[in-house]
Amino acid sequence: MNIAYLISAHTDAPQLKRLVEALHPDAHFFIHIDKKSDITPFQTALQGKGNVHFITPRIDVRWGTILEVEYQMALIKAAVNYPFRFDRIFFLSGMDYPLWSNERITEWLEALGDQEVLSGICMDTPYIRGGQREGYTLARPFFKIGLLGNKGNQRLSILCRKLMGAIGLRKPLSFVVDGERWHLYKGSAWWCISEQLATYIYNMYTMEPAIRHYFVNSFGQAETLIQTIAFNSPQWASRCLLFQGEYPGLAALTPLHYIVYDPIIKVMDETDYDTLIACGKMFTRKLVSGKSDQLVERLYGRK
């Protein structure tokens, strides 16, 4: 089983090292470090590991913008263009940690068949309540004006969004790609897919301008663009994990990870050990050096 782990990180090099060392030693790790972060501690922590690849270009990531998609696509490109074929490609955060042994992960992957572990729910249905739809119907103009800096561009984007909302302009939850009507899907940014699906997603993103045009001023692109491409494809939709009905919450849409929102993502520590072992999920997030150390020791020792 040839496995690639795509990992996004911006802080906590020791935790990234623990994550990499806990996973398959024969896997390949493609890692994107936010351009705003000093890459040196990460390179030092993982020095000498020939299966670890720090990718370029590095993206100056801004949450909730198309720049999140850019680093996703940069990681996918690095994996699918690598001179090695992968059976499965995971997308993780540097603050994740496995709850399963590598042997159990491999057995689970071998039993998947052609199923893709990519979840999604269509946002363009009457089952999605108004408040849950609202954020996706408000266009969020993306600005990258050098003189303004990140904060200035963010303020300008917020101002434009509020003005457009005030005058009643709404973004549709569907758009046309090559003459066909596509609907917006939402899921988790953490998934496990085949290299074939990863290649399809990358090619569609780079070759279909209608996709980039729609998502450049969209909301939550890191949790919608990849799902929208996969679920609007007759070839791939049936292999993915479709949720129907009312919106179940992001935790339910995250099939691989145990996460707790309270109201932001909870940092796990040793007191969560029993809950994590019983949860049945493959990974948990998030773990932080200095706060999760004893938990990591117990989890690693259990492996």
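Residues numbered from 1 in each chain as written. Predicted model: local features only at pLDDT ≥ 70, side-chain atom pairs only at ≥ 80, totals over all residues. Heavy atoms only, no water.

Trainee: Please explain the sheet that holds strand β13 (residues 283-285) as it appears in this structure.
Mentor: Strand pairing in a sheet takes place through backbone hydrogen bonds and is either antiparallel or parallel in direction. With mixed pairing, the three strands of this open sheet are ordered in space as β5-β13-β12. Both outer strands of the open sheet, β5 (96-98) and β12 (257-258), are each paired with one neighbouring strand and no more. Note: β5 against β13, three bridges, orientation antiparallel. In the strand pairing of β13, P98 is matched with F283. (Pairing = 2+ DSSP bridges. Helix = DSSP H or I, 4+ residues; strand = E, 2+ residues; numbered from the N terminus.)

Trainee: Please clarify how helix α5 (residues 130-137) should be interpreted in this entry.
Mentor: Residue pairs three or four apart in sequence face the same way in an α-helix, which turns once every 3.6 residues. Among the residues of α5, those classed as buried are G135, Y136 and T137. The inward-facing, buried residues of α5 contact β9 (185-186). (Buried < 20%, exposed > 50% of the residue type's maximum accessible area, 1.4 Å probe, protein only. Contact = heavy atoms within 4.5 Å.)

Trainee: Quick question: what am I supposed to make of the nonpolar core here?
Mentor: It is characteristic of soluble globular proteins that their nonpolar side chains tend to be buried jointly. Grouped together as the largest cluster of nonpolar side chains are 55 residues, with contacts concentrated most on L6, M73, I76, I89, W191, I211 and L225. Ranked by residue count, the leading element in this core is helix α3 (residues 66-80), at 10 residues. Excluding residues within four positions of it along the chain, I211 makes contact with F175, V177, W182, M204, Y205, L225 and I229. Judged by nonpolar contacts, the second largest core, of 39 residues, contains F42, L109, V117 and L299. (Core = buried A, V, L, I, M, F, W, Y, C linked by side-chain atoms within 4.5 Å.)

Trainee: How should I be thinking about the sheet that holds strand β6 (residues 119-122) in this particular structure?
Mentor: In space, the three strands of this open sheet follow the order β9-β6-β11, with mixed pairing throughout. At either margin of the open sheet sits one strand with a lone partner, and together these are β9 and β11 (241-243). Examined bridge by bridge, β6 and β9 share two bridges and lie antiparallel to one another. Each bridged residue has a counterpart across the sheet, and for C122 the counterpart in β9 is Y185.

Trainee: Looking at this structure, I do not really get the packing of aromatic side chains. What am I missing?
Mentor: Here a ring pair, both rings aromatic, is described through the centre-centre distance and the interplanar angle of the planes. Applying the stated rule across the entire model yields 18 aromatic pairs. Taken together, Y5, F29, F90 and F283 form an aromatic cluster joined through their ring pairs. Across from the ring centre of W100, 3.9 Å away, lies the NZ or CZ of R104, which sits over that ring. One residue, R298, lies across the ring of Y273, its end atom 3.8 Å from the ring centre. (Phe/Tyr/Trp six-rings, centres within 6.5 Å; stacked < 30°, edge-to-face > 60°. Lys NZ or Arg CZ within 6 Å of the ring centre and 35° of its normal.)

Trainee: What exactly am I supposed to notice about the side chain of N51 here?
Mentor: By the element assignment, N51 lies in the loop between α2 (40-45) and β3 (52-54). A polar contact is formed between the side chain of N51 and the backbone oxygen of P25, at a distance of 3.2 Å. At a separation of 2.8 Å, a polar atom in the side chain of N51 contacts the main-chain carbonyl oxygen of A27. When near neighbours in sequence (up to four residues on either side) are disregarded, N51 contacts P25, A27, H28 and F29. (Polar contact = N/O pair within 3.5 Å; in protein donor to acceptor, adjacent residues only side chain to side chain.)

Trainee: Teacher, can you tell me more about the environment of S188 here?
Mentor: In this fold, S188 is placed in the loop between β9 and β10 (191-193). Sequence separation of S188 and I226 is 38 residues, and the distance between their C-alpha atoms is 9.6 Å. Not counting the four nearest positions on each side in its chain, S188 is found in contact with S119, Q227, L250, L253 and T254.

Trainee: Looking at this model, I keep getting lost on the layout of surface pockets. Mind explaining?
Mentor: Think of a ball as big as a water molecule: rolled over the atoms, this probe shows where empty space is left. The calculated volume of the largest pocket comes to roughly 970 Å³. Every residue lining the largest pocket is counted, 33 residues in all, and those nearest its centre are W63, E68, W190, I265 and R285. Counted by class, the lining of the largest pocket contains 17 nonpolar, nine polar and seven charged residues. (1 Å grid on protein atoms, 1.4 Å probe; cavity = no way out; pocket = protein on both sides within 12 Å on 5 of 7 lines; lining within 4 Å. Points joined across faces, edges and corners; volume = space filled by probe spheres on them. Nonpolar A, V, L, I, M, F, W, Y, C, P; charged D, E, K, R; others polar.)

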